[in-house]
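Results of the structural survey
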Amino acid sequence: MNTPGIIKYPFWRMTAENKNARYVCVNTNMAYAPEAIADRSLCFSEDIYDILTAFKKL
């Protein structure tokens, strides 16, 4: 079960190091961003299809 963490950690680090970066997480089970980058993160606990459909309607 470490694979999602292995993928996320580098993106969390890059976001923390680059103040212009933003982090977006789409995960139906656990949408999460560390506290250090929470103010520059968007986390969605929804199906990505539903999210993209909603954005398309905007």
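Residues numbered from 1 in each chain as written. Predicted model: local features only at pLDDT ≥ 70, side-chain atom pairs only at ≥ 80, totals over all residues. Heavy atoms only, no water.

Turning to the nonpolar core, a few remarks are in order. Among the nonpolar cores identified, the biggest contains five residues, and these are Trp12, Tyr23, Cys25, Ala33 and Ile37. Residues in contact with Ile37, not counting those within four places in the same chain, are Trp12, Thr15, Ala16 and Tyr23. (Core = buried A, V, L, I, M, F, W, Y, C linked by side-chain atoms within 4.5 Å. Buried < 20%, exposed > 50% of the residue type's maximum accessible area, 1.4 Å probe, protein only. Contact = heavy atoms within 4.5 Å.)

Attention now goes to a nonpolar patch on the surface. On the surface, a nonpolar cluster with roughly 600 Å² of combined accessible area is contributed by Val24, Val26, Leu42, Ile48, Tyr49 and Leu52. The biggest single contributor to the nonpolar patch is helix 2 (residues 48–57), with three residues. Residue placement: Leu52 occurs in helix 2. Leu52 sits in the exposed class, given a relative accessible area of 52%. (Patch = residues over 30% accessible without salt bridge, like charges linked within 9 Å, V, L, I, M, F, W, Y side chains within 5 Å. Areas by Shrake-Rupley, 256 points an atom, 1.4 Å probe, with all protein chains shown as cover. Salt bridge = Lys/Arg side-chain N within 4 Å of Asp/Glu carboxyl O. Helix = DSSP H or I, 4+ residues; strand = E, 2+ residues; numbered from the N terminus.)

What follows covers the confidence of the model for the protein chain. For the protein chain, the mean per-residue pLDDT works out to 92, and 95% of the residues sit at or above 70. The weakest mean pLDDT in the protein chain belongs to helix 1 (residues 3–17) at 89; the strongest belongs to strand 2 (residues 41–44) at 96. (pLDDT = per-residue confidence, 0-100.)

Applying the stated criterion across every chain, the model contains four aromatic pairs. Here Tyr9 and Trp12 contribute two aromatic rings whose centre-to-centre distance is 5.3 Å and whose plane-to-plane angle is 55°, an arrangement assigned as tilted. Placement of the pair is Tyr9 and Trp12 together in helix 1, with a separation of three residues, close to one helical turn. For Trp12, a relative accessible area of 16% puts it in the buried group. Both rings, one in Trp12 and one in Tyr23, keep their centres 6.5 Å apart while their planes meet at 75°; by these two values the pair is edge-to-face. With Trp12 in helix 1 and Tyr23 in strand 1 (residues 23–26), this pair connects stretches of sequence that are eleven residues apart. (Phe/Tyr/Trp six-rings, centres within 6.5 Å; stacked < 30°, edge-to-face > 60°.)

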